[in-house]
Amino acid sequence: MLNQRFERDSLLKHRTRRKLLIAAPAAQCYYSTMEMDKQLTVEYLRMKHQVEAFYGFQQCERKSGHRHRRKPWHRPGHCRVLGENGMKVVCAARSAEQGRAVADGICAKGGDAIFIQTDCSKASAIKELVDKTVTHYGKLDGVVSNAGIGMGGTPLHEYEVEDYEKIFSLNSEGVFAGMKYGAKAILKSHSEGGFLINVASVAGLVPQRGQALYSATKFGVVGMTRAAALDYAEYGITVNAICPGYTRTSIFGDAPAAAMDFFASDCPAKRMGDPEECAALALFLASGLARYITGAAIPVDGALSAGHQSVSSWKHPEILTGGKLNSQSTIAALMENEAAKAIVEQYLPGFADNQQAKAAYGMTFGKIGPMLGLPETALKALLDALDNL
C-alpha cells in the first residue's frame, strides 16, 4: 500500500514537476490522502493562470569614510522560482542586462516572463510598471517588492541627510508604491488569489548596530505589511513580508574567507542561507496553499532573530556519535562512566572529589584543560585517551 502510494506520488511529481516546488515534500507525508494530493497539485497548477510583477534586485552601499562603494546584490531567485513554477512573471529593475537575463532564463525553461526596465525608487515608474503589466497580460494577481539598498557600518550621527533620503526613497517609498498600485490593480483584476509579498530583512525584526537607517526602513516595511494585511484581508489579498538573514548573494563575491566565516558562525544554524530558500517561501505565499497566512513577517535566517545566543553545552553530545563517550562529551557525562573517570583520575588526581571542579561539569576537558594547569602534551594525551574509550 505504501509502496503503491509513493509510486503514484513519483508519477504525480514527474507530470507536474514544474509546478511542484514546495508541494513535493508534503506529498510524501504519511497523513496525506488522495484528496490532499489532488489539492496540492491543483493549488500549484492554478498558478499558471496568475500574473505576478516582481521588481528590484537589491543593492548594497557600504560606507568607507566619506566614499560610497556600490555593488549589485542580486536576488533573481525569487523571480526565477516563481516563473519556473508556472507564473507569468514581469521582472523589473534598473539594469536592463540583468533583468533581461532573468526573464530570458525563465522563458528558456518554458516559462512566461517579460522584463520592464524600471527605476524602483520612483513611485511614478512603479505605477507605469503596473500599468504595462496589466496592458500586456490583462490582469495582475500579485507583487513581490524586492528592490532595496543596504547602507550601514557607521553610527547614526555619521549618516548624511542625503543618505536618509536615498535609502528611504527606495526601501520605503518604493515598497509603498508597489503595494499601493499593485493592490489597486489586483482589486480591479478581481483576482481570486491576490498577494503582496515584501522582501524586508531580519533587520526589520531585530535592530542592528551601525544600521540605523537600514533598520528603520525595514521596520517600516514590516509595519506597512501588517497594516495592509488588515486593509485587504476581507478582500482575499494576502500581504506578507519575508525577512532574510545572512544570505549568499553576489554582495559577498569579494569578501575574505574570514568575513564569510564570521557571518556563518554568527548564525545559530552555522551557515548562510541561499536565495532559493527565500524564493521557496515566496512561492508558497503566492500559492493557494497560503490563503489564510497574511500579516506575517517570516524570518528566513537560520534562527538569527530567534533570540540571544547564550553559552550552553550538551550534557550528552555523544548522542550524535552513536552513544559513544569521547573528548567532546561533557565532564558530567564522563564522570558518570567508570572507565572515563579512571582516565581523568590518571591525568588529574583528585578531580572527582574536587567540589569546585563540579562548577565546570557542563563544559568539556578540551575547553577547561588549560585552566587546570595541564601541560599541552598532557592535555592532548587525556583527550586522546577519552577518544579511545
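These figures come from a predicted structure and were not determined experimentally.

**Student:** Residues and numbers for the packing of aromatic side chains, please.
**Tutor:** One pass over the structure, following the stated rule, counts four aromatic pairs. Arranged with centres 5.6 Å apart and planes meeting at 65°, the rings of phenylalanine 262 and phenylalanine 263 form a pair that is edge-to-face. Residue classification places phenylalanine 262 among the partly exposed residues on the basis of a relative accessible area of 46%. Ring centres of phenylalanine 351 and phenylalanine 365 lie 5.4 Å apart, and the angle between their planes is 55°; this geometry places the pair in the tilted category. Note that phenylalanine 351 is positioned in the loop between helix 12 (338–347) and helix 13 (365–368) and phenylalanine 365 in helix 13, a separation of 14 residues in sequence. Using a relative accessible area of 6% as the deciding quantity, one classes phenylalanine 351 as buried. Aromatic rings pair up to connect Tyr246, Phe262 and Phe263 into one cluster.

**Student:** Give me the lowdown on the pairing of strand 8 (residues 195–199), citing residues and values where you can.
**Tutor:** Judged by how many residues are buried, strand 8 sits mostly within the fold: five of five residues are covered. Residues Phe195, Ile197 and Val199 of strand 8 are buried on one face, and the alternating residues Leu196 and Asn198, pointing to the opposite face, are buried as well. Judged from the four bridges that link them, strand 6 (residues 142–145) and strand 8 form a sheet pairing that is parallel. Within strand 8, the residue paired with serine 145 across the bridge is asparagine 198. Following the backbone out of strand 8, through helix 8 (residues 212–232) and into the adjacent parallel strand 9 (residues 238–244), one traces a crossover that is right-handed.

**Student:** I'd love a proper account of the pattern of salt bridges, names of residues and values included.
**Tutor:** The final tally for this structure, using the stated rule, is six salt bridges. A salt bridge links arginine 94 to aspartate 119; the nearest nitrogen and oxygen atoms lie 3.0 Å apart. Here aspartate 119 lies in the loop between strand 5 (112–117) and helix 6 (123–137) and arginine 94 lies in the loop between strand 4 (88–93) and helix 5 (96–108), a separation of 25 residues in the sequence. The partly exposed category is assigned to arginine 94, whose relative accessible area is 41%. Across the pair arginine 271 and glutamate 277 runs a salt bridge, and its minimum N-O distance is 2.8 Å. Judged by its relative accessible area of 31%, glutamate 277 is partly exposed.

**Student:** Which residues make up the confidence of the model for the chain, and what values do they have?
**Tutor:** For the chain, the average pLDDT comes to 79, and 77% of its residues sit at 70 or higher. Looking over the chain, one finds the lowest element-wise mean pLDDT in helix 2 (residues 23–26), namely 28, and the highest in strand 10 (residues 297–300), namely 98. The model gives residues 1–46 a pLDDT under 50, and that stretch makes 61 contacts with residues more than four places away or in other chains. Per-residue pLDDT stays below 50 along residues 57–75; that stretch engages in 73 contacts with residues further than four places along the chain or on separate chains.

**Student:** Tell me about the side chain of threonine 118, and name the residues and values.
**Tutor:** Along the chain, threonine 118 turns up in the loop between strand 5 and helix 6. Judged by its relative accessible area of 3%, threonine 118 falls in the buried class. Apart from the residues within four sequence positions on either side, threonine 118 is in contact with Ala92, Ala93, Arg94, Ala125, Ile126 and Leu129.

**Student:** So what's going on with the packing of helix 6 against helix 7 (residues 161–189)? Residues and values would help.
**Tutor:** Contact geometry of helix 6 with helix 7 gives a least axis separation of 9 Å together with a crossing angle of 30°. By the criterion of interaxial angle, the relationship of helix 6 to helix 7 is roughly parallel. When the axes of helix 6 and helix 7 are compared, the crossing they make is right-handed. Residues Ala123, Ile126, Lys127, Val130 and Val134 of helix 6 form the contact with helix 7, whose own contacting residues are Glu173, Gly174, Ala177, Gly178, Tyr181, Gly182 and Ala185. When the residues that make up the contact of helix 6 with helix 7 are grouped by side-chain class, the tally is seven nonpolar, three polar and two charged.

**Student:** How would you sum up the environment of lysine 88? Please name residues and give values.
**Tutor:** Mapping lysine 88 onto the fold places it in strand 4. A sequence separation of 38 residues divides lysine 88 from glutamine 50, and the C-alpha atoms of the two residues are 6.2 Å apart.

Parameters and conventions
Residues numbered from 1 in each chain as written. Predicted model: local features only at pLDDT ≥ 70, side-chain atom pairs only at ≥ 80, totals over all residues. Heavy atoms only, no water. Phe/Tyr/Trp six-rings, centres within 6.5 Å; stacked < 30°, edge-to-face > 60°. Buried < 20%, exposed > 50% of the residue type's maximum accessible area, 1.4 Å probe, protein only. Helix = DSSP H or I, 4+ residues; strand = E, 2+ residues; numbered from the N terminus. Pairing = 2+ DSSP bridges. Right-handed = clockwise from strand over helix to strand, strands pointing away. Salt bridge = Lys/Arg side-chain N within 4 Å of Asp/Glu carboxyl O. pLDDT = per-residue confidence, 0-100. Contact = heavy atoms within 4.5 Å. Axes fitted to C-alpha atoms, helices over the stretch in contact; angles between N-to-C directions. Parallel < 35°, antiparallel > 145°, perpendicular 65-115°, else oblique. Left-handed = near helix turned anticlockwise from the far one by under 90°. Nonpolar A, V, L, I, M, F, W, Y, C, P; charged D, E, K, R; others polar.

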